[in-house]
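# A structural walkthrough
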Amino acid sequence: MTTNNPPYKRVLLKLSGEALMGSLDFGIQPAMMSRVAGEIAEVADMGIEVALVIGGGNIFRGQGLAESGIDRVTGDHMGMLATVMNSLAMQDALEKIGKQCRVMSAIRINRVCEEYVRRRAMRHLEKGRIVIFAAGTGNPFFTTDTAGCLRAIEIEADVLIKATKVDGVFDSDPAKNPDAKRYQTLTYSEAIEKNLGVMDMTAIVMCRDNNLPLRVFNLNQEGALPATMNDHSIGTTVVLEETA
């Protein structure tokens, strides 16, 4: 149900392709897709306009393909198509629970989804439709993290929310160091200077230069996505120095 005072007007959620695998080693786990779609719907029901960028690492990753001998540009194009596949799957999951959704691709595939046009995307969001931005930036050598940052800036999102497998940003790898400490709040300068791996450097710099707040949370905790909208103790918030 729509709330009178939603915490944000518009958000962009960045999901990795791996987030859709669930307990699988490859592809899409239907139960995980359904759960994530349900949580996205909960956010939309708060009266928040929701956009998504989904990676393609559960199917193809351009850089990995390049390391195996495939031309890097070709590999990145294959990775972009993988994001389109994930986006169409998420659109289907959302529509099955009654949410209007549009997939907009940075590369032209008009038979299966819309071409990305900023003004049209803004109009979809204003009408309450969930918008999924597919195919990254449409250019090789750029990650879907950078695509998420770019689209968030273009649509004037209030915040970029990145879903991960851990509870936020830590001072060291929590999988290797049980004493790793989670940052509640972090500045972009700290993230860059300490090379904390929040996102790739291009995306971090774009967020910083455009004063776009970033929140990082653990998608594996059921219910964390809608809870993150109101509870700033969840995960890590990355901001400019003067607002930290």
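Residue numbers here run from 1 along each chain, matching the order of that chain's written sequence. Local features are withheld for residues below a pLDDT of 70 in this predicted model, meaning they are given only at 70 or higher, and side-chain atom pairs are given and counted only at 80 or more; totals for whole chains, interfaces and linings count all residues. Side-chain measures here rest on the full set of heavy atoms in the structure, leaving out hydrogens and waters.

### Structural notes on the environment of I161
What counts here: Helix and strand labels come from DSSP, where a helix needs a run of H or I of at least four residues and a strand needs a run of E of at least two; each type is numbered from the N terminus. Burial classification: accessible surface area is computed with a 1.4 Å probe over protein chains only, and a residue below 20% of its type maximum counts as buried, one above 50% as exposed, and the rest as partly exposed.
Residue placement: I161 occurs in strand β6 (residues 159–164). Take I161: its relative accessible area is 1%, and that puts it in the buried class. In the structure, I161 is positioned 57 residues away from M104 in sequence and 19 Å away in space, judged by C-alpha atoms.

### A closer look at helix α7 (residues 201–209)
Spacing of three or four residues puts side chains on the same side of an α-helix, whose turn is 3.6 residues. Here is the rule: By construction, the arc corresponds to the directions joining the helix axis to the C-beta atoms. Here a residue-residue contact requires only that any non-hydrogen atoms of the pair lie within 4.5 Å. Whenever a nitrogen or oxygen atom comes within 3.5 Å of another N or O atom, the pair is scored as a polar contact, on the condition that within protein one atom can donate a hydrogen and the other can accept it, and that pairs from neighbouring residues in sequence are kept only if both atoms are in side chains.
Taken as a whole, α7 has its buried residues at A203, I204 and C207. All buried residues of α7 project into a common sector of 100° when viewed along the axis, lining one side. On its buried face, α7 is in contact with α5 (144–154), β6, α6 (188–193) and β10 (214–218). Between the side-chain oxygen at the start of α7 and the backbone nitrogen of T202 there is a gap of 3.0 Å, and the oxygen is on D200.

### Examining empty space enclosed by the protein
Formally: In this analysis, the protein atoms alone were mapped onto a 1 Å grid. Cavities are point sets where a 1.4 Å probe fits without being able to get out; pockets are open sets with protein on both sides within 12 Å along at least five of seven lines; lining residues have an atom within 4 Å of a point. Grid points are joined across faces, edges and corners, and a volume is the space filled by probe spheres set on the points. Under this grouping Gly is polar, as are all residues other than the nonpolar Ala, Val, Leu, Ile, Met, Phe, Trp, Tyr, Cys and Pro and the charged Asp, Glu, Lys and Arg.
Considering all chains together, one arrives at 1 cavity of 30 Å³ or more under this definition. Of the pockets and cavities examined, the largest cavity occupies roughly 40 Å³. Elements represented by at least two residues in the lining of the largest cavity include exactly β1 (10–15), α1 (30–45) and α8 (224–230). Each residue belonging to the lining of the largest cavity can be placed in one class, and the counts come to 8 nonpolar, no polar and no charged.

### Considerations on the pairing of strand β3 (residues 101–105)
Basically, it comes down to this: Strand pairing requires that DSSP identify at least two bridges connecting the strands.
Counting buried residues in β3 gives 4 out of 5 residues, a clear majority hidden from the surface. Where β3 lies against strand β5 (residues 130–134), 5 bridges are found, and the strand directions are parallel. If you follow M104 over to β5, its bridge partner there is F133. Where β3 and strand β4 (residues 114–115) come together, 2 bridges link them in parallel fashion. Across the sheet, the residue bridging to M104 is E114, located in β4.

### Regarding α1
In plain terms, the rule: Under the convention used throughout, the expected extent of a helix is 1.5 Å for every residue step, that is, one less than its residue count.
For α1, built from 16 residues, the straight-helix expectation of 22 Å at 1.5 Å per residue is met to within 8% by its first-to-last C-alpha distance of 22 Å. Along α1, the positions that sit buried rather than exposed are M32, M33, R35, V36, A37, E39, I40, A41, V43 and A44. Downstream of α1 by one or two residues, G47 has phi in the positive range, about 95°.

### Considerations on the nonpolar core
Applicable threshold: Buried residues of nine kinds, namely Ala, Val, Leu, Ile, Met, Phe, Trp, Tyr and Cys, make up a nonpolar core once their side-chain atoms join them within 4.5 Å.
Judged by nonpolar contacts, the single largest core of 39 residues is most densely connected at I40, L52 and M90. Contributing elements (two or more residues each) for this core: β1, α1, β2 (49–54), α3 (72–96), β3, β5, β6 and α8. It is α1 that provides the largest number of residues to this core, a total of 7 residues. When neighbours within four sequence positions are excluded, M90 is seen to be in contact with L15, L20, M33, V36, A37, I40, L52, I54 and I132.

### A look at the sheet that holds strand β9 (residues 185–187)
The 9 strands lie next to each other as β4-β3-β5-β2-β1-β6-β10-β11-β9, forming an open sheet whose pairing is mixed. Sheet topology places β4 and β9 at the edges, where each strand pairs with a single neighbour. One ladder, built from 3 bridges, connects β9 with strand β11 (residues 236–239); its direction is parallel. Across the sheet, L186 pairs through a bridge with V238, a residue of β11.

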